[in-house]
Amino acid sequence: MEEAAGERTNLAGVRHILLVLSGKGGVGKSTISTQLALALRHSGRRVGIMDVDLCGPSIPRMFQVQDSDVHQCDSGWVPVYVDQDKSISLMSIGFLLEKPDDAVVWRGPKKNALIKQFVADVAWGDLDFLIVDTPPGTSDEHISTVEALRPHKLLGAILVTTPQAVSVGDVRRELTFCKKTGLRVLGIVENMSGFVCPHCSECTNIFSKGGGEELAKHAGVPFLGCVPLDPQLSQSSEEGRDFIQDFPKSPAFPALAHIAQQILDGTSQQSS
Ligand SMILES: Nc1ncnc2c1ncn2[C@@H]1O[C@H](COP(=O)(O)OP(=O)(O)OP(=O)(O)O)[C@@H](O)[C@H]1O
Ligand code: SF4
C-alpha cells in the first residue's frame, strides 16, 4: 500500500501512477498512454487508464470499447475491461455519456467532482500502473487530478512533446507546473519525431528534431526517447489495435518498447 493520509481514494492496490501531460493538443498524449499501457501489459503488468480529458475523451475509442457501460459494484464503479483477463481497465467520461460524441460543457467544480469520483469511487483493484491521460495544458482538470492523487506516494509525470519549438515551449510550462505542484518528472517523450520511409527506411525530419531531448537535458530530467511518425501507429489508434503486438517491424516499435522499458526501470528504482 502506497497511500499516505489525505482524501479518500480507491488506490490502495495501485503501485505506480503515471500522469501523461502535454503542453499542446494533438501531440499524441492519448496514443502514448494507450500504447504504453499495452506495452506494459506485454511485460506482464496490470494496467489501468484514467481518462481525465473530460472535454475530449479518446481512450474508449483507442481501445474500440466506446459502446461499453460502467456498472456499480459493492466497492464502487467497475471500470471497463479491455480483455477477458482484465489486465487493462479503463475509466473515462466517454462511458458515462449518453452518446459517445456528446459535448461536455462543464464548469471547473463539476469537473473537479468527477475527477474525485474517478479516484475515490472506481474499483481499480490491484494494478501495477495507473496511467492518467490528461487534457492539454494546465487547467482545472490538472490541478484537481494532482490534488486528488497527491496522497499516493509513487506518482510521476511523463511529458509528451513534438519536436517543434512551439510545442517544446509549451512543455516548458508543464515542467513549471510539475515543479510548483511537487510532481516528479519521470521523463520527456518526443513524439512525431521524423518520418521513416516505409520503402527505404530513410528518416525525414518533417519538423525539427531534438527539441525534446535538449529540453530534457536543460531541465535535468530523463529523456525517454523519440517516437517517429508512423502510419501504422495512427492506424492502431484508429482501429483499437495493439501496435506492439501487431507491428513489430514498424519504425515506432523500438521507440515505444524502449520507453516502456525505461518506465519499468525508473519505477522499480523508485519503489526500491
Ligand atoms: N507517432 C505517431 N505517428 C503517427 N500518428 C500519430 C503519432 N502520434 C499520434 N498520432 C496520431 O495523431 C493524432 C493525435 O494523437 P492523440 O489523440 O494521441 O493526441 P492527444 O495529444 O492525446 O490529443 P488531444 O489534445 O485531443 O488530447 C491521432 O490521430 C493519432 O493517431
Ligand atoms: S525516402 Fe526514399 S523511398 Fe522513401 S519516398 Fe523518399 S526517395 Fe522514395
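Residues numbered from 1 in each chain as written. Chains lettered and ligands numbered in written order. Predicted model: local features only at pLDDT ≥ 70, side-chain atom pairs only at ≥ 80, totals over all residues.

Burial of strand β6 (residues 88-92) is extensive: five of the five residues sit out of reach of the surface. The side-chain alternation of β6 yields two buried faces, one formed by I88, L90 and S92 and the other by S89 and M91. Relative to β6, strand β2 (residues 47-51) runs parallel, the two sharing five bridges. Its bridge partner lying in β6, D51 is registered against S92. (Buried ≥ 20, exposed ≤ 12 C-beta atoms within 10 Å, placed from the backbone. Helix = DSSP H or I, 4+ residues; strand = E, 2+ residues; numbered from the N terminus. Pairing = 2+ DSSP bridges.)

Before going further, it helps to spend a moment on the UniProt feature "binding site: ATP" (unreviewed entry) in the protein. Mapped onto the present numbering, the UniProt feature "binding site: ATP" (unreviewed entry) falls at G23, K24, G25, G26, V27, G28, K29 and S30. Mapped onto the secondary structure, G28 falls in the loop between β1 (14-22) and α1 (29-42). The exposure class of G28 is buried, given the 23 C-beta atoms found within 10 Å. Non-local contacts of G28, meaning those with residues more than four positions away in its chain, are made with V160, N191 and M192. Turning to its location among the elements, K29 is positioned in helix α1. Judged by the 25 C-beta atoms lying within 10 Å of it, K29 falls in the buried class. Residues in contact with K29, not counting those within four places in the same chain, are V20, S22, D133 and V160. (UniProt positions renumbered as here; feature names shortened; annotations may be inferred. Contact = placed C-beta atoms within 7 Å.)

With 13 residues, helix α3 (residues 108-120) ought to run about 18 Å at 1.5 Å a step, and its terminal C-alpha atoms sit 18 Å apart, in line with that. Among all positions of α3, only K111, I115, F118 and V119 are buried. Down the axis, α3 shows its buried residues gathered within 95° of arc, on one side only. Facing away from the buried side of α3 by more than 90 degrees, the exposed set consists of P109 and A113. At its buried positions, α3 is contacted by β2, β6 and α4 (140-149). (Expected span 1.5 Å × (residues − 1). Arc of directions from axis to C-beta.)

Moving on, we get to the UniProt feature "binding site: [4Fe-4S] cluster" (unreviewed entry) in the protein. Mapped onto this structure's residue numbering, the UniProt feature "binding site: [4Fe-4S] cluster" (unreviewed entry) falls at C197 and C200. If you trace the backbone, C197 turns up in the loop between β9 (184-196) and β10 (203-204). Here C197 falls in the exposed class, since 10 other C-beta atoms lie within 10 Å of it. In this structure C197 touches E202 and T204, once residues within four positions along its chain are discounted. Locating C200 in the fold gives a position in the loop between β9 and β10. For C200, a count of 7 C-beta atoms within 10 Å gives the class exposed.

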